[in-house]
Amino acid sequence: MNAPSVSDLPLRWPTAGETRAPYRLYTDGAIYAQEQERIFRGPVWSFLGLKAELPRVGDFKATFVGDTPVVLTRDVDGALHCWVNRCAHRGALVCRELRGNVGANGTHTCVYHQWAYDPAGNLVGVPFRKGLGGKGGYPADFELAGHGLQKLRVDTIAEMIFGSFDQAAPPLREYLGDEHCGNIERVFERPIRVLGHARQYFNGNWKLYAENSRDSYHGGLLHLFYPTFGIYRQGQRGWVHLSKNKLHQLLQVCKPAEDQSIEHYQQASSRKAQADAQLEAPELLRWVPELGGEISLTIQSVFPNVVVQQISNTLAVRQIQTKGITATELVWTFYGFADDAPELTAHRLKQHNLVGPAGYISMEDGEAVEICQQGIAGSLDETSVIECGGSSVESMEVMGVDENGVRGFWAGYRKLMGL
């Protein structure tokens, strides 16, 4: 008799709770399938896009919720819709373009057999429905209304558009919580315009990046550019706030004070920054105060699939797309405000060199995800150790010296997954 496969064995969470995460979570196909069902198609709200990406009637954008292809649209009345990009006839992709416009009265038509849908996902046309010459066609009781596309609930906060498969999911504002809604409204305080996109691929499980974005502890260690040039150093005034449901984290950092020098950082860190390092273009580091305060860095991790970023004057959202057990795509959408002066827009564009797939700050995150995925191979009975700051999953009024947000992620994850 053959021994049971890894996926046949039940996952038992360690008794140490959220201070341990089993490595099997990143490699088990059965767990990945459960995540798609219980999380991405479960009672959560997933980020779909920004309103500014669909400014006109007839605009559409193809994206993903987990590994399910979906299309976000704007109809003739300006309303937003989202539906699964899977023809109700034979399951083919209906929309094969990344984005575009079908016009005020246009349809989305499946190329295979020409079934046509309106922007809301309703079936509006089927070729040869009545047959040809009295032969063939569909049954007399075939109704277009019974064969539309699967639709998601859609709601918005400021510029951000979210969707949910689950009719029982709590209202979006309740799901996010007041503080997280407040920060979204802060970083999208007035009309925006999209400045560009970037796509980044990781050979690693999506949860490794979800942990990474919540791990303020690594910021001044892995990303040496941060402390070297004073953008972020452990000890700066800041905070890490977790939502009530523990699913979301808001990390915010204020501009360094005079007593938060590189020497102060060097005394506490095991990795030393180059104190005399200089940039050929020091204007890259210039921070133009905006958004109504002294916060110069925000990393807001919203479960399950988006990070809202304010790093100096770079503003962006990062959408996490699962591409299998050990593959993840990160889609960056950079934006500025519609009324920005040309000089500020140029400054934002230059500062995009800090972030994105090859950014001076964020390029190491992709490598961190991949070396973790590589390192856990063959160690499925082992666990990570998540004890910096103890075992708390509560908010903190200091930042960079704990892993509360990572433990909070696992607390929320376990509840959704029934672990």
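Below or above, wherever it landed, is the structure these notes cover.

**Focus: the environment of W239**
In this fold, W239 is placed in strand β13 (residues 238-242). Spatially, the C-alpha atoms of W239 and M396 are 5.8 Å apart, while their sequence positions differ by 157 residues. When sequence neighbours within four positions are dropped, the list of residues in contact with W239 reads L250, L251, Q252, C254, I295, M396, E397, V398 and M399. Of the polar contacts made by the side chain of W239, one reaches the side chain of Q252; its length is 2.9 Å.

**Observations concerning the packing of aromatic side chains**
Summed over the entire model, instances satisfying the criterion amount to 17 aromatic pairs. An angle of 80 degrees between the planes, with centres 6.3 Å apart, marks the rings of Y26 and W410 as edge-to-face. Highlighted residues: Y26 in the loop between β1 (20-22) and α1 (29-40) and W410 in helix α10 (residues 404-417), separated in sequence by 384 residues. Taking relative accessible area as the criterion, Y26 reaches 2% and is therefore assigned buried. Measuring from ring centre to ring centre gives 5.1 Å for F40 and W206, while their planes differ by 70 degrees; the resulting arrangement is edge-to-face. With F40 in helix α1 and W206 in helix α4 (residues 206-214), this residue pair connects regions lying 166 residues apart in the sequence. A single burial state applies to F40 and to W206, both of which are buried.

Criteria and thresholds
- Residues numbered from 1 in each chain as written.
- Predicted model: local features only at pLDDT ≥ 70, side-chain atom pairs only at ≥ 80, totals over all residues.
- Heavy atoms only, no water.
- Helix = DSSP H or I, 4+ residues; strand = E, 2+ residues; numbered from the N terminus.
- Contact = heavy atoms within 4.5 Å.
- Polar contact = N/O pair within 3.5 Å; in protein donor to acceptor, adjacent residues only side chain to side chain.
- Phe/Tyr/Trp six-rings, centres within 6.5 Å; stacked < 30°, edge-to-face > 60°.
- Buried < 20%, exposed > 50% of the residue type's maximum accessible area, 1.4 Å probe, protein only.

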